[in-house]
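# Architecture and fold: a report
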Amino acid sequence: MTVSPRLGVSALTAWGLLGLAMVGVGLAGLSMGSTGWQWPWGPATDAGVLQIVWDIRAPRTLGAMLVGALLGLGGAVAQGLFRNPLAEPYLLGSSSGAALGMALLLSFGWPDAMSEMPGLRMGLTGAAFFGAVVGVSLSLMLAKGAAHTTRLLLGGVVVGVVLGALTQLLMVWSAPAWRAMQAFMLGNTALLGWQSCTVMGVVLMLTLPASLVLARVLDALSLGEDAARTLGIPLGVTRAVLVGVLALSTGAAVAQAGLVAFVGLVAPHLVRSSARGRHAALLGLSTLMGAVLLGTADVLSRYVLAPQELPVGVLTAVLGGSYLIWLLHRRRS
């Protein structure tokens, strides 16, 4: 379920619609198995099916929603921070840094990225998150802080290109690492477990309140930097905090599910008309919309090629790209 920009629904209505959509997507995720649709509750349901639901489907569905929520929040923060509706969470080098961190670990003998062993998964997750933080830190160093938005944006682009080139070099050097990185590069929700859900839930509980506290700063920035300074807002400090929120939310999502495309870009667009210029509503609604979008994509990725699975990042790229093409065509008309 999505909120069309032409509907002009109120924020309260959008909250209700997205809440209902999350419940529906959650039930669909619990019911979608490797062989198709299977309602898990009923008099004929045995203990084995319930165990599968609790150990596999439930954490995967919740994890996909948390990844989408973090990306939706990161996208709303990035678009408000850079005052650009085409900004996305990966702008500051977090995605390329995460990819490089995982590529380094795999190139020097770490086991397969798709390993289901919790210790191996946490090691790869830690490397990806550390790489995301390094990428954002390098962007801040090149921009000499967060005081200048344009310089920060250019620094992120440069860091992304350089780190991406280093990742490709490592992949050419190590063929096994290249094969292991495919799931990460395409986006994958199949191995999300309760441990991943706990990590992302904690990050969301830290980043969402922090971004809501700074929502008025984003409102002021939308009027221009001079207007924000006139209001007495310390732009350097507040931008640094917003960059920290962006880096933490994006890094956690990328570390757990890989490079999921377009969710962080599209989610704020779908709810912007309901927020009516208020970033407090936009941040919250974008978080919910991201959860709904990626939760729906996760269910579809299990259904389209069942019993095989389609990488969720491929599905979000196709759907997100199609939406942006339609939006561009509608605006031209």
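Residues numbered from 1 in each chain as written. Predicted model: local features only at pLDDT ≥ 70, side-chain atom pairs only at ≥ 80, totals over all residues. Heavy atoms only, no water.

Along the backbone of the protein chain there are 13 helices and two strands. Put simply, 76% of the contacts in the protein chain that link residues at least 6 apart link residues at least 24 apart. Element-wise, carbon and sulfur atoms account for 71% of the exposed surface of the protein chain, whose accessible area totals about 15,000 Å². (Helix = DSSP H or I, 4+ residues; strand = E, 2+ residues; numbered from the N terminus. Contact = heavy atoms within 4.5 Å. Areas by Shrake-Rupley, 256 points an atom, 1.4 Å probe, with all protein chains shown as cover.)

Take unusual backbone geometry next. Of note in this structure, Arg-83 is not a glycine but carries a positive phi near 50°. Structurally, Arg-83 is set in the loop between helix H2 (47–82) and helix H3 (94–107). Even without being a glycine, Phe-262 presents a positive backbone phi close to 75°.

So, on to the packing of H3 against helix H5 (residues 149–173). Following both chains from N to C, one finds H3 and H5 inclined at 25°, their axes separated by 9 Å at the closest point. What the angle tells us is that H3 and H5 run roughly parallel. As H3 runs across H5, the sense of the crossing is left-handed. When H3 is examined against H5, the residues Ser-96, Gly-97, Ala-99, Leu-100, Ala-103, Leu-104 and Ser-107 are found in contact with a partner set consisting of Val-159, Gly-160, Leu-163, Gly-164, Leu-166, Thr-167, Leu-170, Met-171 and Trp-173. Grouping the constituent residues of the contact of H3 with H5 by class yields 10 nonpolar, six polar and no charged. (Axes fitted to C-alpha atoms, helices over the stretch in contact; angles between N-to-C directions. Parallel < 35°, antiparallel > 145°, perpendicular 65-115°, else oblique. Left-handed = near helix turned anticlockwise from the far one by under 90°. Nonpolar A, V, L, I, M, F, W, Y, C, P; charged D, E, K, R; others polar.)

We now examine the confidence of the model for the protein chain. Mean pLDDT over the protein chain stands at 82; residues scoring 70 or higher make up 86%. In this model, residues 113–119 is a region of pLDDT below 50 whose contacts with residues beyond four sequence positions or in other chains number 15 contacts. (pLDDT = per-residue confidence, 0-100.)

Taken as a whole and judged by the stated rule, the model has two aromatic pairs. Relative to Trp-194, the ring of Trp-54 has its centre 4.8 Å away and its plane inclined at 40°; by these criteria the two rings are tilted. Of this pair, Trp-54 sits in helix H2 while Trp-194 sits in helix H7 (residues 194–213), and the two are 140 residues apart along the sequence. Take Trp-54: its relative accessible area is 52%, and that puts it in the exposed class. (Phe/Tyr/Trp six-rings, centres within 6.5 Å; stacked < 30°, edge-to-face > 60°. Buried < 20%, exposed > 50% of the residue type's maximum accessible area, 1.4 Å probe, protein only.)

Counting 81 residues, the largest nonpolar core has Val-67, Met-181, Phe-184 and Val-260 as the members making the most contacts within it. Of the residues forming this core, the biggest block, 12 residues, is contributed by H2. Once you skip the residues sitting within four places of it in the chain, Val-67 turns out to touch Leu-192, Met-200, Ala-253, Ala-257 and Leu-294. (Core = buried A, V, L, I, M, F, W, Y, C linked by side-chain atoms within 4.5 Å.)

Let us look at the packing of H7 against helix H10 (residues 235–257). Running from N to C, H7 and H10 point in directions that differ by 160°, and their axes come no closer than 9 Å. Here H7 lies roughly antiparallel to H10, going by the angle between them. The two elements H7 and H10 cross, and the hand of that crossing is left-handed. Counted together, Ser-196, Val-199, Met-200, Val-203, Thr-207, Ala-210 and Ser-211 of H7 and Val-245, Leu-248, Ser-249, Ala-252 and Gln-256 of H10 form the full contact between these two elements. Classifying every residue of the contact of H7 with H10 gives seven nonpolar, five polar and no charged.

Among the surface-exposed residues, Leu-186, Leu-300, Tyr-303, Val-304, Leu-305, Val-314, Val-318 and Leu-319 lie close enough to one another that they form a single nonpolar patch of about 670 Å² accessible area. Listed by contribution, the elements that provide at least two residues to the nonpolar patch are helix H12 (279–303) and helix H13 (312–332). At three residues, H13 tops the list of elements feeding residues into the nonpolar patch. Counting through the fold element by element, Val-318 comes out in helix H13. (Patch = residues over 30% accessible without salt bridge, like charges linked within 9 Å, V, L, I, M, F, W, Y side chains within 5 Å. Salt bridge = Lys/Arg side-chain N within 4 Å of Asp/Glu carboxyl O.)

Within the secondary structure layout, His-279 lies in helix H12. We classify His-279 as buried; its relative accessible area is 9%. Residue contacts for His-279: discarding those within four places in its chain leaves Gly-80, Ala-215, Leu-218, Asp-219 and Ser-222.

The next thing to look at is the pattern of salt bridges. What the rule picks out here adds up to three salt bridges. For the salt bridge of Asp-298 with Arg-60, the shortest nitrogen-to-oxygen distance reads 2.8 Å. Of this pair, Asp-298 sits in helix H12 while Arg-60 is found in helix H2, placing the two residues 238 residues apart along the sequence. Asp-298 gets classed as buried once you look at its relative accessible area, which sits at 1%. A salt bridge links Arg-60 to Glu-309; the nearest nitrogen and oxygen atoms lie 2.9 Å apart. One end of the pair, Arg-60, is in helix H2; the other, Glu-309, is in the loop between H12 and H13, and 249 residues separate them in sequence. Exposure remark for Glu-309: the relative accessible area of 40% places this residue in the partly exposed category.

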